[in-house]
Amino acid sequence: MRLLVHFLIASNFRRFLCVQAETKFTVKDAILHWEKVFKKQNIPEPENSAGYLVAHVLGETRIVDILVRENEILSKKEKEKLEKLCECRLARMPVQYIIKQWDFRYLNLLMAPPVFIPRPETEELINIILKYIKKSKPKPTGFLEVGCGTGAISLSLVTECKSKLYGIAIDKSYLAVKLASMNVAAYKIDTIKVAFAELTEDGNLTEVHLNGSKPFMPDDKFDFIVSNPPYIPRKKLRDLQPEIKLFEDLRAVDGGDDGMDVIKSLMKLTESRLSEGGSLFMEIDPSHPKLIEKWIDENYDRYKLKLKKVYKDIFDKKRFVHIIK
Ligand SMILES: C[S@@+](CC[C@H](N)C(=O)[O-])C[C@H]1O[C@@H](n2cnc3c(N)ncnc32)[C@H](O)[C@@H]1O
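What you see is a predicted model, and the numbers here were worked out from it, not measured in a lab. (Residues numbered from 1 in each chain as written. Predicted model: local features only at pLDDT ≥ 70, side-chain atom pairs only at ≥ 80, totals over all residues. Heavy atoms only, no water.)

One open sheet accounts for eight strands, arranged 6-5-4-3-7-8-10-9; its pairing is mixed. Looking along the sheet, the strands with just one partner apiece sit at the ends: strand 6 (205-207) and strand 9 (306-312). Adjacent strand axes in the sheet meet at a mean angle of 25° when their direction is disregarded. Inspection of the sheet shows strand 8 (residues 274-283) paired to strand 10 (residues 318-324) by five bridges, in the antiparallel sense. Within strand 10, the residue paired with Glu-283 across the bridge is Phe-320. Along the sheet face, helix 7 (residues 120-135) touches strand 7 (222-227), strand 8, strand 9 and strand 10 and points at about 155° away from the line of strand 8. This element, helix 12 (residues 288-298), spans strand 8, strand 9 and strand 10 of the sheet and lies at about 175° to strand 9. (Pairing = 2+ DSSP bridges. Helix = DSSP H or I, 4+ residues; strand = E, 2+ residues; numbered from the N terminus. Axes fitted to C-alpha atoms, helices over the stretch in contact; angles between N-to-C directions. Contact = heavy atoms within 4.5 Å.)

Peptide bonds are, in most cases, trans, and in most cases residues other than glycine have a negative phi. The amide bond that connects Pro-113 to the next residue, Pro-114, takes the cis arrangement and shows omega of 5°. Here Pro-114 is to be found in the loop between strand 2 (107-110) and helix 7. The omega torsion of the bond from Lys-137 to Pro-138 falls at -5°, within 30 degrees of zero and hence cis. The backbone phi angle of Lys-304 is positive, close to 50°, even though this residue is not glycine. Mapped onto the elements of the fold, Lys-304 is located in the loop between helix 13 (300-303) and strand 9. Classification of Lys-304 by relative accessible area gives partly exposed; the value is 43%. One non-glycine residue, Asp-316, lies in positive phi territory at about 70°. Here Asp-316 falls in the exposed class, since its relative accessible area comes to 54%. (Buried < 20%, exposed > 50% of the residue type's maximum accessible area, 1.4 Å probe, protein only.)

For the rest of this paragraph, the subject is the environment of Glu-160. On the secondary structure map, Glu-160 appears in helix 8 (residues 152-160). Distance from Glu-160 to Leu-130, taken between C-alpha atoms, is 8.0 Å for residues 30 residues apart in sequence. Contact partners of Glu-160, with chain neighbours within four places excluded, come to Arg-105, Tyr-106, Ile-126 and Leu-130.

What follows covers a positive patch on the surface. On the surface, a cluster of positive charge is contributed by Lys-131, Lys-135, Lys-306, Lys-308 and Lys-309. Listed by contribution, the elements that provide at least two residues to the positive patch are helix 7 and strand 9. For the positive patch, the element with the most residues is strand 9, which contributes three residues. Its location among the elements puts Lys-306 in strand 9. Overall, Lys-306 belongs to the exposed group, its relative accessible area being 52%. (Patch = residues over 30% accessible without salt bridge, like charges linked within 9 Å, V, L, I, M, F, W, Y side chains within 5 Å. Areas by Shrake-Rupley, 256 points an atom, 1.4 Å probe, with all protein chains shown as cover. Salt bridge = Lys/Arg side-chain N within 4 Å of Asp/Glu carboxyl O. Lys, Arg positive; Asp, Glu negative; His and termini not counted. Charge placed at Lys NZ, Arg CZ, Asp CG, Glu CD.)

Now for the domain arrangement of the protein chain. Here the protein chain is described as being made up of domain 1 (2-91) and domain 2 (105-324). Put simply, the middle of domain 1 and the middle of domain 2, counted by C-alpha atoms, are 37 Å apart. (Domains from an automatic or database assignment.)

Attention shifts here to helix 2 (residues 27-40). An ideal rise of 1.5 Å per residue puts 20 Å on 14 residues; helix 2 measures up with 20 Å between its terminal C-alpha atoms. Considered for burial, the residues of helix 2 that qualify are Val-27, Ala-30, Ile-31, His-33, Trp-34, Glu-35, Val-37 and Phe-38. (Expected span 1.5 Å × (residues − 1).)

A few words on the packing of helix 3 (residues 46-57) against helix 5 (residues 76-90). Each pair of packed helices can be summarised by the angle the axes make with each other and by the distance between the axes. It is the contact of helix 3 with helix 5, at a shortest axis distance of 10 Å, that shows an interaxial angle of 140°. Regarding the angle of helix 3 to helix 5, the classification is oblique. Our pair here, helix 3 against helix 5, has a crossing hand that is right-handed. Two secondary-structure elements touch here, helix 3 through Ser-49, Leu-53, Val-54, His-56 and Val-57 and helix 5 through Glu-78, Lys-81, Leu-82, Leu-85, Cys-86 and Arg-89. Along the lines of polarity and charge, the residues of the contact of helix 3 with helix 5 split into six nonpolar, two polar and three charged. (Parallel < 35°, antiparallel > 145°, perpendicular 65-115°, else oblique. Left-handed = near helix turned anticlockwise from the far one by under 90°. Nonpolar A, V, L, I, M, F, W, Y, C, P; charged D, E, K, R; others polar.)

With 13 residues, helix 9 (residues 174-186) ought to run about 18 Å at 1.5 Å a step, and its terminal C-alpha atoms sit 18 Å apart, in line with that. Among the residues making up helix 9, those that are buried are Ala-176, Val-177, Leu-179, Ala-180, Asn-183 and Val-184. The elements touched by buried residues of helix 9 are strand 2, helix 8, strand 4 (166-171) and strand 5 (192-199). Immediately beyond the C-terminal end of helix 9, within one or two residues, lies Lys-188, with a positive phi of roughly 50°.

Turning to the nonpolar core, a few remarks are in order. One finds Leu-53, Leu-82, Ile-129, Leu-157, Phe-224 and Val-226 to be the most contacted residues of the largest nonpolar core, which totals 60 residues. Broken down by element, the residue count for this core peaks at seven residues, all from helix 7. Per-domain counts for this core show at least three residues from each of domain 1 (2-91) and domain 2 (105-324). In this structure, Ile-129 is in contact with Leu-157, Phe-224, Val-226 and Phe-281, ignoring residues within four places of it in sequence. (Core = buried A, V, L, I, M, F, W, Y, C linked by side-chain atoms within 4.5 Å.)

Following this line, the structure appears as structure tokens:
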């Protein structure tokens, strides 16, 4: 009996999904229909999800571009494609992975699961670093990004900075290295090199050599180091949305017990890789400034670091640090 009830509910839901596919419907109908389905299924941001997926099917990347096309009638093929994409969204796949691209500041970047999707707060980190470069004399030129993901941070810095910048962007995830390389190539940037390398717990960089490739990472010191590291305290991981838990690489967000594992390694890395007078910029959890200050004090004799400034995000939360050597 219970099986029969399940079957009836499932087939009714399926009919609800397909009913629009059988009749003619416009772009506007499509958005409203899928928004309603998403709402019913408690999918976060139902309007945006429906809007982006319809835009994608119509070959657009922004919702505003389909608003002028709202009376256009979708072809059978478009409706079928839309239905497939919306089913992925119903399974809680992030929109960014379904449409395979996303905007970050002035860039449109390729996205692919499980590589971390750049978040809007990280856009604020770019403003902080660009201001620091603008004020610095002499201008910093060489930087290292640890944990580049899609390459969003390095690419934004290099494309938006008024002075010349050269960056090495590393990640321990092979898929991230591949995706970041594709994004760098798509923007035809030859001043960023992407390397498959890992920051180890003791603050060293270990490069992974594929098919006997030659060492690529230079031994240089950098004018600044930037990172949006994994920083979520482990006990908070269970509260993450299904979109993250099911589709994103959890190693990109898991910062260990207090979220400080990679942050500590980054501070250790300054010993060998940061020039005298150089800066380390990190995105962090609001619980971290106190822990960072404590670590810097306890390890001053060896690393000679100073917490120059803690920055808040637009929600008034302490989210970024600038550390100097
Ligand atoms: C939070 S994501 C940030 C990605 C990107 N920078 C951004 O802001 O969108 C952290 C990234 O660091 C990488 N990562 C984590 N631990 C690392 C380590 N020890 N060495 C190198 N990369 C690491 C992960 O693979 C992931 O791509």
